[in-house]
Amino acid sequence: MDEQNFDFHSIDIHRLEEEWPLQTKMYRYYADRVAEARYNHDTAKTDKELAQAEMERVEAKLDRLIRAEPVEYGLPARTTEAAVRNVIILQGKYQAAQMAVFEAQRKINDAKHSLDVADVAVRTLDHRKAALEDLVRLRLASYYSDPRVPEGARQMRDAGDNSTFKRASNRV
């Protein structure tokens, strides 16, 4: 069975003994996908924190450089906080660091989506397991058994004693 093409909603009620091993195999496969997705999500969050810290370092270095020589950056010798901040935002190093933070956030979003999809698969398999358990209970209760004629009914019919059958048909 190909894990990627697994039909979560299809259960062959006549082959329950084959459905159970498949259920455990699929549950394990998708539980592993959840663990992998959770790891990727956590790693992406760490990567964003690192990118954010790098952006803050770049910002601090640029702030120090701009305040040391504001004229070189097109500012008056006595400058304001807002002017320094605006010059920092326009610097290529800062913009590259900021793009790294945005890209890290995009990776977090992708990892979160993968985690959610894998988690839905595992929850669906939990529901499938409950359905399998219910089908086994029905099978054990002979819900899917062949119809059986009560003992003596055939002899009564063959002997011509149709009184029971006539009474039932008169009620209709």
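Definitions and cut-offs
- Residues numbered from 1 in each chain as written.
- Predicted model: local features only at pLDDT ≥ 70, side-chain atom pairs only at ≥ 80, totals over all residues.
- Heavy atoms only, no water.
- Helix = DSSP H or I, 4+ residues; strand = E, 2+ residues; numbered from the N terminus.
- Buried < 20%, exposed > 50% of the residue type's maximum accessible area, 1.4 Å probe, protein only.
- Contact = heavy atoms within 4.5 Å.
- Areas by Shrake-Rupley, 256 points an atom, 1.4 Å probe, with all protein chains shown as cover.
- Salt bridge = Lys/Arg side-chain N within 4 Å of Asp/Glu carboxyl O.
- Axes fitted to C-alpha atoms, helices over the stretch in contact; angles between N-to-C directions.
- Parallel < 35°, antiparallel > 145°, perpendicular 65-115°, else oblique.
- Left-handed = near helix turned anticlockwise from the far one by under 90°.
- Phe/Tyr/Trp six-rings, centres within 6.5 Å; stacked < 30°, edge-to-face > 60°.
- Lys NZ or Arg CZ within 6 Å of the ring centre and 35° of its normal.
- Nonpolar A, V, L, I, M, F, W, Y, C, P; charged D, E, K, R; others polar.

Draft legend 1. Focus on the overall build of the protein. If you tally the helices and strands in the protein, you get five helices and zero strands. Starting at the N terminus, the α and β elements of the protein follow one another as α-α-α-α-α. Counting only residues that meet the buried cut, the protein has 22% of its 172 residues in that class. Taking the contacts inside the protein whose residues are at least 6 apart along the sequence as the reference set, 72% of them involve residues at least 24 apart. For the protein, the accessible surface area stands at approximately 12,700 Å², while carbon and sulfur atoms represent 53% of it.

Draft legend 2. Fine view of the pattern of salt bridges. By the definition in use, this model includes 13 salt bridges. Note that arginine 15 and glutamate 18 form a salt bridge whose closest N and O atoms lie 2.4 Å from each other. Here aspartate 119 ties to arginine 123 by a salt bridge, and the two come within 3.3 Å at their closest N and O atoms. Residue aspartate 119 and its partner arginine 123 are both found in helix H3 (residues 92–140); the two are separated by four residues, about one turn of the helix. Here the residues in one salt-bridge network are Asp63, Arg67 and Glu81, joined through shared partners.

Draft legend 3. Examining the packing of helix H1 (residues 16–68) against helix H2 (residues 81–90) more closely. Interaxial distance between H1 and H2 falls to 10 Å at its minimum, and their mutual angle equals 125°. Considering the angle they form, H1 stands oblique to H2. Crossing of H1 against H2: the hand is right-handed. Contacts between H1 and H2 involve Glu59, Leu62, Asp63, Ile66 and Arg67 on the former and, on the latter, Glu81, Val84, Arg85, Val87 and Ile88.

Draft legend 4. Seen up close, the packing of aromatic side chains. Taken as a whole and assessed by the stated rule, the structure comprises two aromatic pairs. Aromatic pair phenylalanine 8 and tyrosine 30: ring centres 5.3 Å apart, planes at 50°, arrangement tilted. Remark: tyrosine 30 occurs in helix H1 and phenylalanine 8 occurs in the segment before H1; sequence separation between them is 22 residues. Ring geometry for tyrosine 29 against tyrosine 30: centres 4.9 Å apart, planes inclined by 90°, an arrangement best described as edge-to-face. An aromatic cluster of three or more residues is present, and its members are Phe8, Tyr29 and Tyr30. Taking NZ or CZ as reference, arginine 33 lies 4.4 Å from the ring centre of tyrosine 29, over its face.

Draft legend 5. Representation of the packing of H2 against H3 within the structure. It is at 5 Å that the axes of H2 and H3 come closest, and there the two elements cross at 70°. Regarding the angle of H2 to H3, the classification is roughly perpendicular. For the pair formed by H2 and H3, the contact residues are Arg85, Ile88, Ile89 and Leu90 on the first element and Gly92, Tyr94 and Gln95 on the second. Broken down by class, the residue content of the contact of H2 with H3 amounts to four nonpolar, two polar and one charged.

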